[in-house]
Amino acid sequence: MEDLKGDVILIEKDEPAIAYKWEPEYVEVRPEMQVLPYSFLDEYKKKYNLQFEIGQRLVPGVMMVKHPYLANTYVDIVNFEENMIKYKFDCMKTIAKKLGAKQVSTKISMSDCSTRDFEGNGDVGYKWVGARLDYKNSQMERLSKKYENVDTTEGEITEQTYQEAKELAAQSGLINDSDIKDLLIFAEPGSSIKNKTKHISIDISSESNRSKEIAFSLKAMKMFNLNAEIKETICKKMNLSLEIDILF
């Protein structure tokens, strides 16, 4: 049993999962992509204390993505994009409230929505092209219903809640965003900067788009027959930002 190191994993029947590395097409597969034999799954779960967020049984053909911020956790690739949007949405709202926000307004913006053909051959088949307008509009309508929101709170901050906000920002990777760094500076108790409002825009799709690129590389291995839902997922891409307006 090889070490678990894939950022994206495909659970497959034992024979192809073991043999695929000896196929000539394997050189086209991204190193972050790993195929696990189904009969070894219980051993992997025990050895790595794995947690799976999935809406179906773990069976051959299921593809999972390693959660970038939760230890030992894998998410069904079909649900991963939505999972990351909700994760950052929830974390950002919690951080703002712990920093003393009286009102947090959120909405989603989209800078790109693209598709590509899984069955295409050569570079043309691999390239992203702009999605149809009706698909873009339907996605924006769906996301707006879920994440266009206004929350109000008492607006209290203490040294403890400030430290909790910093810890959550670090845990969620948001602390690497320049807007979040700035927010933590001026919201620090005792800071001479007394902004009453703050606008923040954070990327919420980079992790999902990266996972799709990794998964798409498995297209080279004809021995794996990915199901239609996975193919549809990895052939669609959105560049999304969460826009937050905070009132202190």
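In case you missed it, the structure is sitting above this.
This write-up is about the structure you can find in this document. (Residues numbered from 1 in each chain as written. Predicted model: local features only at pLDDT ≥ 70, side-chain atom pairs only at ≥ 80, totals over all residues. Heavy atoms only, no water.)

### Quick look at the packing of helix α3 (residues 77-98) against helix α6 (residues 159-171)
Helix packing for two helices is described by the angle between their axes and how far apart those axes are. At a closest axis distance of 8 Å, the pairing of α3 and α6 adopts a crossing angle of 160 degrees. If you check the angle between α3 and α6, you find them roughly antiparallel. Between α3 and α6 lies a crossing whose hand is left-handed. Of the residues in α6, those touching α3 at Y87, C91, T94, I95 and K98 are T161, Y162, E164, A165, L168, A169 and Q171. (Axes fitted to C-alpha atoms, helices over the stretch in contact; angles between N-to-C directions. Helix = DSSP H or I, 4+ residues; strand = E, 2+ residues; numbered from the N terminus. Parallel < 35°, antiparallel > 145°, perpendicular 65-115°, else oblique. Left-handed = near helix turned anticlockwise from the far one by under 90°. Contact = heavy atoms within 4.5 Å.)

### Examining the sheet that holds strand β5 (residues 73-76)
Pairing between the strands of a sheet comes from backbone hydrogen bonds, and it takes one of two forms, parallel or antiparallel. Pairing is mixed across the open sheet formed by 5 strands, whose spatial order is β2-β1-β4-β5-β3. A strand with exactly one partner marks an edge of an open sheet, and here the two such strands are β2 (33-37) and β3 (51-53). Taken pair by pair, the neighbouring strands of this sheet meet at an average axis angle of 30 degrees, ignoring direction. Against the sheet, helix α8 (residues 206-216) engages β1 (8-12), β2 and β4 (63-66), with an angle of about 45 degrees to β1. (Pairing = 2+ DSSP bridges.)

### Examining the environment of M1
Relative to the assigned elements, M1 resides in the segment before β1. Linking M1 and N149, residues 148 residues apart in sequence, is a C-alpha distance of 47 Å. In this structure M1 touches F40, E43, Y44 and K47, once residues within four positions along its chain are discounted.

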